[in-house]
Amino acid sequence: MQLLSANELALLYEAQKDCVLYLQQVENPDDQIWELVLKLPNPERVYGVQTFVGQRKIWKNLHTAVKFVSETCPNAEEVILRIKKIG
């Protein structure tokens, strides 16, 4: 999965109105952790979000991930919560 910065995510979300945002649970035996995924339908592509150092961004608290979405994509009206991975 290709990773985007928060700024790239915001720009792509605004440019592609038919995209879907998912907060999905990452398999981890010790804890529940979450990642944000942006899915484009045509052509189908899946993007994740990266940290400032280029690693995949994950959250331990779901409410913190939702806050990130609302701040990064303020026009987002919906985020789908998935407990199984896509893509």
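Remember, it's a predicted structure, so these values are computed and weren't measured experimentally.

Chemist: Before we move on, can you summarise the overall build of the protein with the specific residues and values?
Modeler: Per the secondary structure count, the protein includes 2 helices and 5 strands. Each helix and strand of the protein, placed in order from N terminus to C terminus, yields the pattern β-α-β-β-β-α-β. Relative to the 2.2 N^0.38 estimate, which gives 12 Å for 87 residues, the radius of gyration of the protein is 12 Å and therefore close to what a compact globule would have. Its C-alpha atoms put the protein at 35 × 25 × 25 Å along the principal axes. Intrachain contacts of the protein at a sequence separation of at least 6 include 59% that bridge at least 24 residues. Carbon and sulfur atoms make up 48% of the accessible area of the protein, which amounts to about 5900 Å² in all. Across the protein, the centroid of the 10 positively charged side chains sits 3 Å from that of the 11 negatively charged ones.

Chemist: Summarise the pattern of salt bridges; cite the residues concerned and give the values.
Modeler: Throughout the structure, instances matching the rule amount to 4 salt bridges. One salt bridge in this structure joins Lys 67 and Glu 71, with 4.0 Å as the shortest N-O distance. With Lys 67 and Glu 71 both in helix α2 (residues 62–72), this residue pair falls 4 residues apart, about one helical turn.

Chemist: Residues and numbers for the nonpolar core, please.
Modeler: Of all hydrophobic cores here, the largest spans 17 residues; its most connected members are Leu 9, Leu 21, Leu 36 and Leu 38. Of all the secondary-structure elements, those providing two or more residues to this core are α1 (6–15), β2 (20–26), β3 (33–41), β4 (44–49) and α2.

Chemist: An account of the packing of aromatic side chains is requested, with residue identities and associated values reported.
Modeler: Scanning the entire structure with this criterion turns up 1 aromatic pair. Pairing Trp 59 with Phe 68 gives two aromatic rings, centres 5.1 Å apart and planes at 50 degrees, and the pair type is tilted. Taking the relative accessible area as the measure of exposure, Trp 59 reaches 7% and is therefore buried. Lying across the ring of Phe 68, Lys 57 places its NZ or CZ 5.7 Å from the centre.

Rules behind the numbers
- Residues numbered from 1 in each chain as written.
- Predicted model: local features only at pLDDT ≥ 70, side-chain atom pairs only at ≥ 80, totals over all residues.
- Heavy atoms only, no water.
- Helix = DSSP H or I, 4+ residues; strand = E, 2+ residues; numbered from the N terminus.
- Rg over C-alpha atoms; globule rule 2.2 N^0.38 Å.
- Contact = heavy atoms within 4.5 Å.
- Areas by Shrake-Rupley, 256 points an atom, 1.4 Å probe, with all protein chains shown as cover.
- Lys, Arg positive; Asp, Glu negative; His and termini not counted.
- Charge placed at Lys NZ, Arg CZ, Asp CG, Glu CD.
- Salt bridge = Lys/Arg side-chain N within 4 Å of Asp/Glu carboxyl O.
- Core = buried A, V, L, I, M, F, W, Y, C linked by side-chain atoms within 4.5 Å.
- Buried < 20%, exposed > 50% of the residue type's maximum accessible area, 1.4 Å probe, protein only.
- Phe/Tyr/Trp six-rings, centres within 6.5 Å; stacked < 30°, edge-to-face > 60°.
- Lys NZ or Arg CZ within 6 Å of the ring centre and 35° of its normal.

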